Each structure stands twice: as structure tokens, then as C-alpha cells.
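The lines below spell out each chain.
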Amino acid sequence: MNDSDKETSSVLPAKLYFIDPFFRDFVSVCVSLIFSELIGLFGIVSNIIIMINFKRQGFQDDVNVTLFSLAICDAGALLAHQFSNVLSRPWIGEYDLFMSKMNLFINIFYINGYFVRVGGLLTAFMNCKRCASVVWPLKVKSALTGETVVAANVIIAGVSILYLVSPFYVVKFDLMFIPSLNRSILAEYYISSRHEVMAIYYFIADQFVPYRTMLVLILCTITIMTKLRSKLRWRQSASSAGEYNSRNITPEERKVIKMLVTISVIFIVCLLPQSTLNVAMGVVPGLKGDGIYISIFKVCYSFTSLLETINCSVNILVYYNISTRYRQVSWEMFNPLKCFSIIKAK
């Protein structure tokens, strides 16, 4: 690879930063290294607990299968985000690691985005399935079996890997010698067609997919709530006439619907700012990793990533407050008397 063919994301001179470096570092430390770090650690532990809880419940209920997969995605997103928090520490120099700090941050950014997008698609899938079961209860129950739901989860995770193809296709890896440090690091160099490829990528990955996912969640939520209200009115009129219909929504189904709607609302509220920032990156090239507005991007990303962390960390509170079965299994898991009896038996 000739030097003339290499286009690298080098460090910007200080004069090109549009935000005071001290303020940028202060925000980074407060938001990324304190709030986001603590919430992220809580989220990783809570998602492990969620996975254990649903495994104990069993996967006879297809909702548990998707919620288990969602917990895996949330844990993966949080782990990637924890690494990006480490990189955001001001005292870690640009070339202190085996690769440029900026290059590492960008790669982890895409890995985090993969897990977040898979989580969003899984949430949309759950809501579409529940919406269809409310509208066509008998048809959906026979068509979407447990095996079908597992296959759908695997397909969603597999197809979403395409999100990582373009960002790693447009870069080539090579060693770069740093004279001031007298050592070499692994550097990323962009191919000549990078801008054309990434323009299409940003439109699909950062505009089409996230906003279509949110649109599906909103439409499914509206449809479910509208259908539930109509069924409630029908049941009230049928009860007064002494009639009964087995297709009525049971209390357990209502709790599942309430849980899915709550998860959807949290997802939309917490992910919309990051999606907006991604759109801004596509419209304003200076916000990208090698752009002149990188300081502005870093400050905005500190807050949007905090919201992403909250989205991936709070599901345990939703499950515990809404699901009776989840709460029961949690008490069984953390019952001190039961733990003591197991230890004593050993």
C-alpha cells in the first residue's frame, strides 16, 4: 500500500476544536466515567440476572426466548460501551495503546451499535408478534411456535451483522511508525471509495433502520391499545348480557402487553437522540471521527450514550414490577434461607 493511497483519521490540531478542551474533558469525566460507568456496571449485572431468571422460568413461553435474547444484546452493548468509556478518559493518550485511540473508539462504536440495533429489532419483533396475536389470536398462535420464534431471533441477529460489514470493508490495517514515541502502532487507512460506500451505509443503518424500527413500535403500540379498548368495551357489554368469549385478553396477557409497551417507550425515548446524532453525522461530515467538529460530537455522544446505557440497564426494573412470575423467580434466586439450606446440605 503506497502512502499516496492512504487516508488516515489522524488527530486534529487543537486550533480546530470548537469546544474548549477543558469543558469537553469535564463533560466526558462526569457523564461517561461516573454516571454512565456506574449505570453500565449495574446494567451488565442486571442483564446477567435476567438471563438466569428466564432460563429458570424455561422457554416454553416464546416471549421468554426473545427477552432472553434481548438481555444478551443489552449486555453486549453495555460491555462495548464500557470499553468506550475507558477510551474517553483524558489521561489516556492518543497513541498509548496498540492502536490509535480514535480508531479504537470508532470500532467499538460500531460494535455497540450492532447490539443496540439487534435489541431494537428484537423489541419490534416482540411487539409485532403481540400485536398480531391481539388482532388475529387463533391464527398467530398456530403459526408462530416456539421453534419459529427461536429461528426469528437467530435470523435477526445474523442478518444484522451486515451492519458491521461496510465500516470494516472501507478500512485497511497497517503499521504506522510514531517517531516521537519510537514505536509502531496498528493504524486504519481508508480505501478510496470510502465516502461513496459509507454514504449508502449511513442512510440505511443510521436513518432507515432505526426510524423504521421506532415507527413499527409506535404503530404496534397504538394498534394494541386500540384493540384492547375495543375488546374491553365489548366485554363490558357482553358481561351485562351474560355472554362470555374465550378470546378475551387474560390478565397474564395484559401484563405481557404492558411490559412490552413499557420496553418500547423506553427504547424510543432513550434511542431517539442517538439516532438524531447519527443522522447529523451523515448530513455534517465534520461530525465524523476525522472531522473538524469532533469535539462537538464527543460532548453530544456523552449524553446520547448515557441514554443508551439507561435503555440497556432498566429492563430488570420493568420485569420485576410488572411480571409476577419474574418476581417470584427472583425471590427464589435470592432467598437467603434457601441459599443457607443449600450450603448446609453440602
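What counts, and where the lines are drawn
- Residues numbered from 1 in each chain as written.
- Predicted model: local features only at pLDDT ≥ 70, side-chain atom pairs only at ≥ 80, totals over all residues.
- Heavy atoms only, no water.
- UniProt positions renumbered as here; feature names shortened; annotations may be inferred.
- Helix = DSSP H or I, 4+ residues; strand = E, 2+ residues; numbered from the N terminus.
- Buried < 20%, exposed > 50% of the residue type's maximum accessible area, 1.4 Å probe, protein only.
- Contact = heavy atoms within 4.5 Å.
- Arc of directions from axis to C-beta.
- Polar contact = N/O pair within 3.5 Å; in protein donor to acceptor, adjacent residues only side chain to side chain.
- pLDDT = per-residue confidence, 0-100.
- Patch = residues over 30% accessible without salt bridge, like charges linked within 9 Å, V, L, I, M, F, W, Y side chains within 5 Å.
- Areas by Shrake-Rupley, 256 points an atom, 1.4 Å probe, with all protein chains shown as cover.
- Salt bridge = Lys/Arg side-chain N within 4 Å of Asp/Glu carboxyl O.

Draft legend 1. The arrangement of the UniProt feature "transmembrane region" (unreviewed entry) in the protein chain in detail. The UniProt entry lists residues 26–52, 64–84, 104–128, 149–171, 208–226, 256–276 and 296–320 under the feature "transmembrane region" (unreviewed entry), expressed in the numbering used here. Taken end to end, residues 149–171 has its terminal C-alpha atoms 36 Å apart, with 83% of it in helix and 4% in strand. As annotated, residues 208–226 comprises 100% helix and 0% strand, and the C-alpha atoms at either end are separated by 27 Å.

Draft legend 2. The environment of Tyr 326, seen in detail. Mapped onto the secondary structure, Tyr 326 falls in helix α11 (residues 324–333). Take Tyr 326: its relative accessible area is 1%, and that puts it in the buried class. Linking Tyr 326 and Arg 56, residues 270 residues apart in sequence, is a C-alpha distance of 9.7 Å. Look past the residues within four positions of Tyr 326 in its chain and what remains in contact with it is Ile 49, Ile 50, Asn 53, Phe 54, Gln 57, Ile 316, Tyr 319 and Tyr 320.

Draft legend 3. Quick look at α11. Burial in α11 covers these residues: Tyr 326, Val 329, Ser 330 and Met 333. One side of α11 carries all its buried residues, which in axial view fall inside an arc of 105 degrees. Capping the start of α11, Ser 323 holds a side-chain oxygen 3.1 Å from the backbone nitrogen of Tyr 326, two or three residues further along.

Draft legend 4. A look at the confidence of the model for the protein chain. Mean pLDDT for the protein chain: 78, with 77% of residues reaching 70 or above. Within the protein chain, strand β1 (residues 7–8) has the poorest average pLDDT of any element, 40, and helix α10 (residues 315–322) the best, 92. Counting contacts from residues 1–16, a segment whose pLDDT is below 50, to residues more than four positions away or on other chains yields 26 contacts. A low-confidence stretch, residues 241–246 (pLDDT under 50), is modelled with two contacts involving residues beyond four sequence positions or located in other chains.

Draft legend 5. Just a nonpolar patch on the surface, in detail. Taken together, Ile 155, Val 159, Leu 162, Val 165 and Tyr 169 make up a surface patch of nonpolar side chains, about 510 Å² in accessible area. Listed by contribution, the elements that provide at least two residues to the nonpolar patch are α5 (146–159) and α6 (162–169). Summarising the element assignment, Leu 162 is placed in helix α6.

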